[in-house]
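Residues per chain, in single letters:
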Amino acid sequence: MADNKIESLVESQRAFFASGATLSVDFRINMLKRLREAVKLHEKDIAEALRLDLGKSDFEGYMCEVGMAISEISYMIKHCRRFSKDRRVRTPLAQFAAKSYQKPCPYGNVLIMSPWNYPFLLTVGPLSNALAAGNTAIVKPSAYSPATSELLACIIGEWFPHEYVAVVTGGRRENSALLDQKFDFVFFTGSQSVGKEVLRHTAEHLTPAVLELGGKSPCIVDESAKISLAAKRIVFGKYLNCGQTCVAPDYVLCHSSVKDKLLSEIITQIKAQYGDNFLKNENYGRIVNEKHFDRLCSYIGADKVAFGGKSDRDRLQIQPTVMDGVTWSDAVMQDEIFGPILPILTYEDIDEVIFALEKKQKPLALYIFSESKKNVRKVTSRCRYGGGCVNDCVIHLATSEMGFGGVGESGMGAYHGKVGFDTFSHIKSIVDKKTFMDLPMRYQPYNSKTYARLLRFFLK
């Protein structure tokens, strides 16, 4: 889309928001119902687009994208009216007589930039939060998932007026043109490098932003863990979407006493879940493009492959791979893997793990498999990370009852459910002062001893 068309689109949305049309809660709920209906009617089209972009099976596409998007929309429909109400708070005695409350108000015109790895869910999820909060939205999906991006443009264009919700497709030029515009709020999901560029642009306009990034999310397995179950759940979380999940376990930190057993169980689980020949598994997807395929293959050192390591460049598929004997200095440990490669490192003491993690960038997720309440308490209290699970992987993002987001290098801000509604809202603090009386203490001249005593009484 040409720069002047993008500018015109932003202006049309600004005018639509200024009309006050989105402030009605009934309007918001009706638009959310329309969005849900559109998703349901296009389920098969969405499944096909996800298959074309990432090789996702219909089951995985529904479980991890379409179904979760519908769930989030339904949650917002159910709770939008309550979330939108003024929130009464206590008024200090010194402000008698008055009523104090917080009023959730939409930011206005928002930009949502979504990634390629879950191109439908990570577009529609934040969009539902933005619309529930009463904003207009321009959506910019990733150029790396063209089939889903084009379908989103088609669905949104068919079901919503462009001055309310619109999709802009394209690549870096369109990204840059959008970020040059003045929005009231920007929501970005993607890599750290692009996130830094987004923040530089929003800083020019003093625009608030949420960044959902990533990082090397560790998975700790201590000596008390139920190893068979841990292996089963780690394999699910790691190789889902071929490892192209921002909260996938990036690597395992395993107590040395149970490493061999865990490695054996992980290999057993890979075979059980994906079969001996990954190329014949129709439910196993592919790497998004050749650039990422080549990057991932460069991480696989043959001398450290405990299982897998095979790949097919024509099909952009890499076998679920486990690497053993890995150290912090290996290439696979320098950046977020974002693919089906699982390095296993060992440790001797949980305090050693905590110390090592505190020296690294704060990850988006952290997982610990343990039956030790002491170890769980230590890790969850002392390590800094976005969110995570105890004795499971990934599933903490699959609920609308908790916010999801990163910290430090893995992002800022959160969304999902009420947290998402509040993220896309400015919460105004308002004092409604009554006029039937007026306490004189605050007015000059300040020379009354009685008023001074009353002031100390009120503000003690």
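Structural data are supplied above this passage.
Attention in this report is confined to the structure presented alongside it. (Residues numbered from 1 in each chain as written. Predicted model: local features only at pLDDT ≥ 70, side-chain atom pairs only at ≥ 80, totals over all residues. Heavy atoms only, no water.)

This part covers the overall build of the protein. Within the protein, the secondary structure is distributed over 15 helices and 20 strands. In terms of its C-alpha atoms, the protein occupies a principal-axis envelope of roughly 85 × 55 × 35 Å. For the protein, with 460 residues in total, the buried portion stands at 53%. Contacts in the protein between residues far apart in sequence, at least 24 positions, make up 72% of those at least 6 positions apart. Of the roughly 21,100 Å² of accessible surface on the protein, 53% is carried by carbon and sulfur atoms. Of the charged side chains in the protein, 59 are positive and 51 negative, and the gap between their average positions amounts to 10 Å. (Helix = DSSP H or I, 4+ residues; strand = E, 2+ residues; numbered from the N terminus. Buried < 20%, exposed > 50% of the residue type's maximum accessible area, 1.4 Å probe, protein only. Contact = heavy atoms within 4.5 Å. Areas by Shrake-Rupley, 256 points an atom, 1.4 Å probe, with all protein chains shown as cover. Lys, Arg positive; Asp, Glu negative; His and termini not counted. Charge placed at Lys NZ, Arg CZ, Asp CG, Glu CD.)

We now examine the pattern of salt bridges. If the charged atoms of two oppositely charged side chains come close together, the side chains can form a pair. Counted according to the given criterion, the structure contains 20 salt bridges. The closest approach of N and O atoms between Asp26 and Arg81, which form a salt bridge, is 2.7 Å. Residue Asp26 is located in helix α2 (residues 25-41), and its partner Arg81 is located in helix α4 (residues 58-84); the two are separated by 55 residues in the primary sequence. Exposure remark for Asp26: the relative accessible area of 44% places this residue in the partly exposed category. A salt bridge links Lys418 to Asp422; its shortest N-O distance comes to 2.8 Å. Linking Lys418 with Asp422, this pair stays in helix α14 (residues 417-423), spanning four residues, or about one helical turn. According to the relative accessible area criterion, Lys418 is partly exposed, its value standing at 33%. A relative accessible area of 22% places Asp422 in the partly exposed class. Several salt bridges share partner residues, and in doing so they unite Arg87, Lys418 and Asp422 into one network. (Salt bridge = Lys/Arg side-chain N within 4 Å of Asp/Glu carboxyl O.)

Moving on, we come to the sheet that holds strand β15 (residues 365-369). Read from one edge to the other, the open sheet built from seven strands follows the order β10-β13-β14-β9-β8-β15-β16, with strand pairing classed as mixed. Bordering the open sheet on either side are β10 (305-307) and β16 (387-390), each of which pairs with just one other strand. Each adjacent strand pair in this sheet contributes to an overall mean axis angle of 25°, direction not counted. Examined bridge by bridge, strand β8 (residues 218-221) and strand β9 (residues 251-255) share four bridges and lie parallel to one another. Looking at β9, one finds that Ile220 is bridged to Leu253. Together, β8, β9, β14 (341-347) and β15 form the strand contacts of helix α12 (residues 350-358), whose direction differs from that of β8 by roughly 175°. Along the sheet, helix α13 (residues 373-382) contacts β8, β15 and β16; its crossing angle with β15, the most-contacted strand, is approximately 170°. (Pairing = 2+ DSSP bridges. Axes fitted to C-alpha atoms, helices over the stretch in contact; angles between N-to-C directions.)

Now for the packing of aromatic side chains. Tallied over the full model, the rule gives 16 aromatic pairs. A centroid spacing of 4.8 Å and a plane angle of 25° characterise the contact between Tyr107 and Phe185, whose relative ring orientation is stacked. Taken as a pair, Tyr107 in the loop between β2 (98-106) and β3 (109-113) and Phe185 in strand β6 (residues 185-189) lie far apart in primary sequence, 78 residues in all. For Tyr107, a relative accessible area of 26% corresponds to the partly exposed category. Taking the centre distance of 6.2 Å and the plane angle of 80° together, the rings of Tyr239 and Tyr274 count as edge-to-face. Highlighted residues: Tyr239 in helix α9 (residues 227-239) and Tyr274 in helix α10 (residues 259-274), separated in sequence by 35 residues. In textbook terms, an aromatic cluster arises when at least three aromatic residues are bridged by ring pairs, as seen for Tyr107, Phe185, Phe187, Phe404, Tyr415 and Phe424. Across the ring face of Trp328, the terminal group of Lys360 is positioned such that the distance to the ring centre comes to 4.2 Å. (Phe/Tyr/Trp six-rings, centres within 6.5 Å; stacked < 30°, edge-to-face > 60°. Lys NZ or Arg CZ within 6 Å of the ring centre and 35° of its normal.)

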